[in-house]
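Here are the chains, one letter per residue:
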Amino acid sequence: MTAGSDSVLELLPMVFAAPNDALAGAERVLDTGPPPLYASVAHQVIGIWQRDFGDLRIALHHLRRARDLAARAESADREADVLGTLGVALVHAGRTRQGLAAFERGVLRGTGHTRARVLYRRAYVWWVLGHHREALEDVRRAIPVLRQADDVIWTARALTLRATVHLALGAVERADADFTAAEALWDTTGQEHDKADAVESRGLAAFRSGDVPAALRLLDEAAERYAKLGTPSFMLNIRRCEVLMAAGLAPEALAEADAATAVLDGIGGQSTRKAELLLAAARAARLAGDPHTAIARAALAVRLFAGQRRTWWETHARLVLIEARVAAGRSSGRLVADAAAVADRLAAFGAPAAPEASLLAGRIALGLGWRTDAERHLAVAARSRHSGPPLARMTGWAAQALRARAAGSGRGVLEACRRGLDVLDDHRMTLGASELRARATEQGAELAALAQQASLTGGGPRRLLVWSERWRATVLSTPPTRPPADPALLRSLTAYREIAARAEAARMEGRPVPVLEREERRLEREIRSRTLHMRGDAPGDELRFDVGRLLERLGEARLVELAVLDGRVHVLLCGQGRVRRFEAGLLAEAEAEAEHVQAGLRRLAHPGAEGRLPVVEAAGHRLQELLLGPAAAHLGPGPVVVVPPGRLHRVPWALLPSLRDRVLSVSPSASSWLRARETEPPPGGRHVLVRGPGLATGGAEVPDVAGRYGRPTVLEHDEARVPRVLAELDGAALAHIAAHGTFRADSPLFSALRMADGPLIVHDFERLDRSPYRIILSSCDTARLASVGADELLGLVTALLPLGTAGVVASSAPVNDAAVVPLMLALHKGLSAGLSLAEALRDARAALPGDAVHRATGWAFTAFGAA
């Protein structure tokens, strides 16, 4: 490319079509000693590339050089165009006053088409600064001129910008119309970077309309497009953080924001983007329960936004700073005033976050006993309950519930909570992935807690039971959405299994496996990303919990549901046609005791630890006092079903003295127990037995168990491969899997059972049309679950229950392989005699030898469900 060629001018549109090619072309032009006009274009191209993808200081140097060369060339339009680019760079560098001055001169110097482009750039800057009305005015002036000039690229950019401003103001329908028009224009161009930006913008629009799976899919698609171009997009990171937070994935959002900030700092990137990333990190840290990190990030964001004269953004950062300070335990009249001032500013901006700030002011005022002030702020926040996106409406209903509580209206509290949680249910059912459904429930935690407290003080045990059920284990109410055929997901699962098997083999041989482990993590991210893209297709009208139906189906059994209010365990004992409430101990003490018991069971899994047995048994007595309290004396002689909160899922319930010799089962909720109780076994009665590799006993119980069931399907050695195992498990009446189990606390849906060809993970089970009616997991840690969201559990057991499994036997702790064999043989003896899983497990424990290892093994296994 020569400096004298008109093709030099083609470098400018190329920056967002093939950025790296444009950069190389501009550098070649400068090497030829071009005249001022072409040199100005080349420096502007380098400045744009550095501004958006590189070092802002280098960008400013080139753009100033481009401006000076344009002046030497005596081209007013060329100078105006460069001034528009320079103005954007100066604002991104935090030099707002200088940037706006550059725009003022650019608008004066430019004419016609060039002036319209400068106006578009200034509109973009107004949006960055949070001056939305000014942005709309400039883009309104620019679009007709750009259209008249048949400038497809800049018209599409202007429409995309106008749509983005509409989104910031909550006008989703207007935004969608502009995004659609812009996308049609982009399809006629080769502007690949702009096309990626359009996909990213569609993701933002999907998020604003409440479609989280579509937003994640579109943002991931945009990321792939940017990656192919080799151009980072920090705006994409910020938007992904926003969507991840709405999906309940705040720790992931914090990690993404911090990582992007580090990259930005490393290249000397835009100061404006750094402030926005810090704000995203602050929000994520607060939602992740780390208020001190949130305070640090938000305070720095406030300082940066203030220095950049970005009042709209500064106000949002101040809101997060106040929220974090309240979460850290601070409360004062000054905070009420600060939150109210932020609410007024946000309302003046037309920002959708204004109700959130009013709710915060009202909540702080209530805590201080300022009833009049609280009512004023809460009334403002409550106006959002009838319109807007789901989370905004939930904010409004939370405010209305607090107003009702302050007025002493228990009925008003319950009605507001019901309406708010209905909004959450509708939102949750748009999510296909069980992980997203579970984590999204965190948004309703305050409403559920308010309803439970109102039920405790004025509604009686039955109403408290209804509200306890209203928000626990809701993810189990319907199966996760499964695409009928997703070849890409299947390929990723197969590749993951192969890599994981190779990595495990290498670790067992003592060889380093960093490359394999990196690929394993990459495939995990790919699988998880694809599952999060799935949109829910189940109706949100599942049957409401009916106490009368539960009491009727219990018969002679008792159901013990544990509700936690203000940190204390309340026991709801259901049976004999009534519900009674008992107060037990503190949840925190019970959690600590459960961890001590788990440590003891781990020790007892190995011979030589017999001295720990009395210690573990004593801990069982303390757990009973903390978890059941006086209710233990009223359990009666029949079977017991325990429904614990998510944070107590690791309690070995058979260790508690009053439950030790009983027919005992555990369920995540009373509703899920009812569904399991009423689930019919599949026709045919197929039995499937699976032996995975590497067991100390070789799965010694499997041959003996096989003899009890006529002609069962036995999969072992090379036949115990994941595709074959899944095919046989689908629709089986009974499955027994003897395999090594691993629990992943960091990513519970990658918890696995080891098969001949690699791990069988929870995501695999979710692809079954119907999981086995009964399934016995003769493995360590298969009953371990991760507590997420409001009161949800993620793991292998909870993946099976919505898919047709009515009963599971699994272990919540490491177990002794040799001691498992007699337990399993005795368990199947009972099953073949017609007993339920809970009955057979009770009898199997009683049949074990009385030594410490066998007793600990019996306590570690639990029957879940009702089959």
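Here the structure is a predicted model, which is why all the values come from computation and not from measurement. (Residues numbered from 1 in each chain as written. Predicted model: local features only at pLDDT ≥ 70, side-chain atom pairs only at ≥ 80, totals over all residues. Heavy atoms only, no water.)

Along the backbone of the protein chain there are 38 helices and 16 strands. The C-alpha atoms of the protein chain give 31 Å as radius of gyration, which agrees with the globular expectation for 867 residues (29 Å, within 12%). Taking the principal axes of its C-alpha atoms as reference, the protein chain extends roughly 100 × 70 × 50 Å. Across the 867 residues of the protein chain, 59% fall into the buried class. When contacts within the protein chain are restricted to residue pairs at least 6 apart in sequence, long-range pairs at least 24 apart make up 71% of them. Accessible surface computed for the protein chain: about 33,200 Å², of which carbon and sulfur atoms make up 51%. Between the mean site of the 109 positive side-chain charges and the mean site of the 100 negative ones, the protein chain shows a separation of 4 Å. (Helix = DSSP H or I, 4+ residues; strand = E, 2+ residues; numbered from the N terminus. Rg over C-alpha atoms; globule rule 2.2 N^0.38 Å. Buried < 20%, exposed > 50% of the residue type's maximum accessible area, 1.4 Å probe, protein only. Contact = heavy atoms within 4.5 Å. Areas by Shrake-Rupley, 256 points an atom, 1.4 Å probe, with all protein chains shown as cover. Lys, Arg positive; Asp, Glu negative; His and termini not counted. Charge placed at Lys NZ, Arg CZ, Asp CG, Glu CD.)

Core analysis: the largest hydrophobic core is formed by 95 residues, its most contacted members being Trp653, Ile737 and Phe765. When residues no more than four places from it in sequence are discounted, the contact partners of Trp653 are Leu562, Leu627, Val642, Pro644, Leu648, Leu659, Leu664 and Val666. Core analysis: the second largest hydrophobic core is formed by 60 residues, Leu236, Ala282, Ala298 and Ile322 among them. (Core = buried A, V, L, I, M, F, W, Y, C linked by side-chain atoms within 4.5 Å.)

Along the chain, the position of Ser771 falls in the loop between α34 (762–765) and β12 (774–777). Polar side-chain contacts of Ser771 include one of 2.5 Å to the side chain of Thr805. In contact with Ser771, not counting residues within four places along its chain, are Leu729, Leu800, Leu803, Gly804 and Thr805. (Polar contact = N/O pair within 3.5 Å; in protein donor to acceptor, adjacent residues only side chain to side chain.)

Put simply, helix α4 (residues 56–72) and helix α5 (residues 76–92) touch, their axes get as near as 9 Å, and they point 160 degrees apart. It follows that α4 is roughly antiparallel to α5 by the angle criterion. Both α4 and α5 take part in a crossing whose hand is left-handed. Where α4 approaches α5, its residues Leu56, Leu60, Leu63, Arg64, Ala66, Arg67, Ala70 and Ala71 are matched on the opposing element by Arg78, Glu79, Val82, Leu83, Thr85, Leu86, Ala89, Leu90 and His92. Here the contact of α4 with α5 is built from residues that sort into eleven nonpolar, two polar and four charged. (Axes fitted to C-alpha atoms, helices over the stretch in contact; angles between N-to-C directions. Parallel < 35°, antiparallel > 145°, perpendicular 65-115°, else oblique. Left-handed = near helix turned anticlockwise from the far one by under 90°. Nonpolar A, V, L, I, M, F, W, Y, C, P; charged D, E, K, R; others polar.)

Where α5 contacts helix α7 (residues 112–129), the axes come no closer than 9 Å and their chain directions differ by 5 degrees. On the basis of their axis angle, the class for α5 and α7 is roughly parallel. Residue-level inspection shows Asp77, Ala80, Asp81, Gly84, Thr85, Gly87, Val88, Val91 and His92 of α5 in contact with α7, the latter providing Thr114, Arg117, Val118, Arg121, Tyr124, Val125, Val128 and Leu129. Here the contact of α5 with α7 is built from residues that sort into eight nonpolar, five polar and four charged.

With the rule as written, the count across this model stands at 46 salt bridges. A salt bridge links Glu256 to Arg240, with the nearest nitrogen and oxygen atoms 3.2 Å apart. Of this pair, Glu256 sits in helix α14 (residues 250–267) while Arg240 sits in helix α13 (residues 234–246), placing them 16 residues apart in sequence. This pair shows no difference in class: Glu256 is buried, exactly as Arg240 is. Ionic pairing is found between Arg334 and Asp338, a salt bridge with its closest N-O pair at 3.2 Å. Note that Arg334 and Asp338 are positioned in helix α18 (residues 333–349) at a spacing of four residues, about one turn of the helix. Since its relative accessible area comes to 60%, Arg334 is described here as exposed. For Asp338, a relative accessible area of 25% corresponds to the partly exposed category. One connected set of salt bridges, linked through shared partners, spans Glu104, Arg122, Asp138 and Arg141. (Salt bridge = Lys/Arg side-chain N within 4 Å of Asp/Glu carboxyl O.)

Right, let's talk about the confidence of the model for the protein chain for a bit. Residues of the protein chain with pLDDT of at least 70 account for 91%, and the chain-wide mean is 86. Taken as a whole, residues 788–793 scores under 50 in pLDDT and shows 34 contacts with residues more than four places along the chain or in a different chain. (pLDDT = per-residue confidence, 0-100.)

Another point: the side chain of Lys195. Assignment of secondary structure puts Lys195 in helix α11 (residues 192–208). For Lys195, a relative accessible area of 17% gives the class buried. In this structure, Lys195 is in contact with Trp186, Thr189, Gly190 and Arg225, ignoring residues within four places of it in sequence.

A few words now on the sheet that holds strand β9 (residues 741–742). Each strand in a sheet pairs with its neighbour through backbone hydrogen bonds, running either in the same direction (parallel) or in the opposite one (antiparallel). The strand order β9-β10-β11 describes an open sheet built from three strands, whose pairing is antiparallel. Each end of this open sheet is capped by a strand with a single partner; those strands are β9 and β11 (758–761). With four bridges joining them, strand β10 (residues 752–755) and β11 adopt antiparallel strand pairing. Looking across to β11, one finds that Leu753 is bridged to Leu760. Against the sheet, helix α33 (residues 722–729) makes contact with β10 and β11, and its axis sits at roughly 30 degrees relative to β11, the strand it touches most. (Pairing = 2+ DSSP bridges.)

On to unusual backbone geometry. Look at Gln576: it is not a glycine, yet its phi comes out positive at around 55 degrees. Along the chain, the position of Gln576 falls in the loop between β2 (568–575) and β3 (578–586). Overall, Gln576 belongs to the exposed group, its relative accessible area being 56%. The phi torsion at His717 lies on the positive side, around 55 degrees, for a residue other than glycine. Relative to the helices and strands, His717 resides in the loop between β7 (713–715) and α33.

Using the criterion set out here, one finds five aromatic pairs in the structure. A network of ring pairs unites the aromatic residues Phe305, Trp312 and Trp313 as a single cluster. Across from the ring centre of Trp397, 5.4 Å away, lies the NZ or CZ of Arg385, which sits over that ring. (Phe/Tyr/Trp six-rings, centres within 6.5 Å; stacked < 30°, edge-to-face > 60°. Lys NZ or Arg CZ within 6 Å of the ring centre and 35° of its normal.)

Here we come to the environment of Ile153. Within the fold, Ile153 resides in helix α9 (residues 152–168). Along the backbone, Ile153 and Ala42 are 111 residues apart, and their C-alpha atoms lie at a distance of 20 Å. If we skip the residues at most four places from it in the chain, Ile153 touches Pro13, Trp186, Thr189, Gln191 and Asp194.

Within the secondary structure, Arg662 sits in the loop between β4 (640–643) and β5 (664–666). We classify Arg662 as buried; its relative accessible area is 15%. Separated by 25 residues in sequence, Arg662 and Pro637 have C-alpha atoms that sit 8.1 Å apart. Excluding anything up to four places from it in sequence, Arg662 contacts Leu635, Gly636, Pro637, Gly638, Val640 and Arg842. Side-chain polar atoms of Arg662 contact the backbone oxygen of Gly636, separated by 2.6 Å.

Within strand β1 (residues 558–565), seven of the eight residues are buried, leaving the element largely enclosed by the surrounding structure. By the bridge criterion, four bridges tie β1 to β4 in an arrangement that is parallel. Within the sheet, the bridge partner assigned to Val560 lies in β4 and is Val642. Both β1 and β2 contribute to a ladder of seven bridges, which runs antiparallel. By the bridge assignment, Val560 is partnered in β2 with Leu573.

Here we come to the environment of Phe582. Positionally, Phe582 belongs in strand β3. Separated by 561 residues in the primary sequence, Phe582 and Asp21 have C-alpha atoms spaced 73 Å apart.

Before going further, it helps to examine the pairing of β12. Remember that side chains alternate between the two faces of the sheet whenever the strand is regular. Alternating residues of β12 divide into Arg774 and Ile776 and Ile775 and Leu777, and every residue in both groups is buried. For strand β8 (residues 734–738) and β12, the ladder comprises four bridges, and the chain directions are parallel. Considered in β12, the bridge of Ala735 is made with Ile775. Bridging between β12 and strand β15 (residues 807–811) involves three bridges; their strand directions are parallel. Pairing of Ile775 across the sheet is with Val808, part of β15.

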